[in-house]
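The residues making up each chain are set out below.
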Amino acid sequence: GGSSKSKDHGFKLVSSMPFVGIGTTLFLSQFFLDVYGQKAFSGSDSATNKLEDEEVSFDFIVDSDIEREEYSVSVGYTLGSQWALFGGYRAAKTQFNNSDIYREVVAKDALLVANSKYSPSFKQNGFFFGGAYAFPVLKHAVVTFNVAFAILEGKYDSRNTLSIQGVDS
């Protein structure tokens, strides 16, 4: 803000996170029960944000480990051979475990170093309902179109510990 000539390059975390999902659907006449779970293998990345202007220079370095999991259960009813109505519950959680280092040159020969560990997480859960249509394309193959409406509640939580050290030569 203000008239500072600072240039903030920001940072971006990227991680490929393979996952394993398992689910099953049980049918009883026109009724069905579907259960699904998914767990991603831990991902990680690190990035550096440098900020420099005429008065200050600092580096903000983040190392992050990322975890993700989600679960759902739904019940439904088929209408004929192509339509289905369903409703259910879904829950998911994304967790970050971050270690940050903030280094700032505060004078020509002085350095301020702050180390931080924080674990932000985002959880969402709630109910959904919708419908599906199965469009036959071959004798034993269909293309399915699904539409659903969800009422989800999200919760963001973050825990932080901070250590600050000054170094003066």
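Residues numbered from 1 in each chain as written. Predicted model: local features only at pLDDT ≥ 70, side-chain atom pairs only at ≥ 80, totals over all residues. Heavy atoms only, no water.

It is worth spelling out the side chain of serine 121 at this point. By the element assignment, serine 121 lies in strand S8 (residues 121–138). On the basis of relative accessible area, serine 121 is assigned to the buried category, the value being 6%. (Helix = DSSP H or I, 4+ residues; strand = E, 2+ residues; numbered from the N terminus. Buried < 20%, exposed > 50% of the residue type's maximum accessible area, 1.4 Å probe, protein only.)

Next up on the list: the confidence of the model for the protein chain. The predicted model of the protein chain averages 85 in pLDDT, with 85% of residues at 70 or higher. When the elements of the protein chain are averaged for pLDDT, strand S1 (residues 7–8) gives the smallest value, 55, and strand S3 (residues 31–40) the largest, 96. (pLDDT = per-residue confidence, 0-100.)

Before going further, it helps to examine the environment of leucine 28. Tracing the sequence through the fold places leucine 28 in strand S2 (residues 19–28). Spatially, the C-alpha atoms of leucine 28 and tyrosine 77 are 9.6 Å apart, while their sequence positions differ by 49 residues.

Most peptide bonds are trans, and most residues other than glycine sit at a negative phi. The backbone of serine 29 sits at a positive phi, close to 60°, despite the residue not being glycine. Tracing the chain through its elements places serine 29 in the loop between S2 and S3. The exposed category is assigned to serine 29, whose relative accessible area is 61%.

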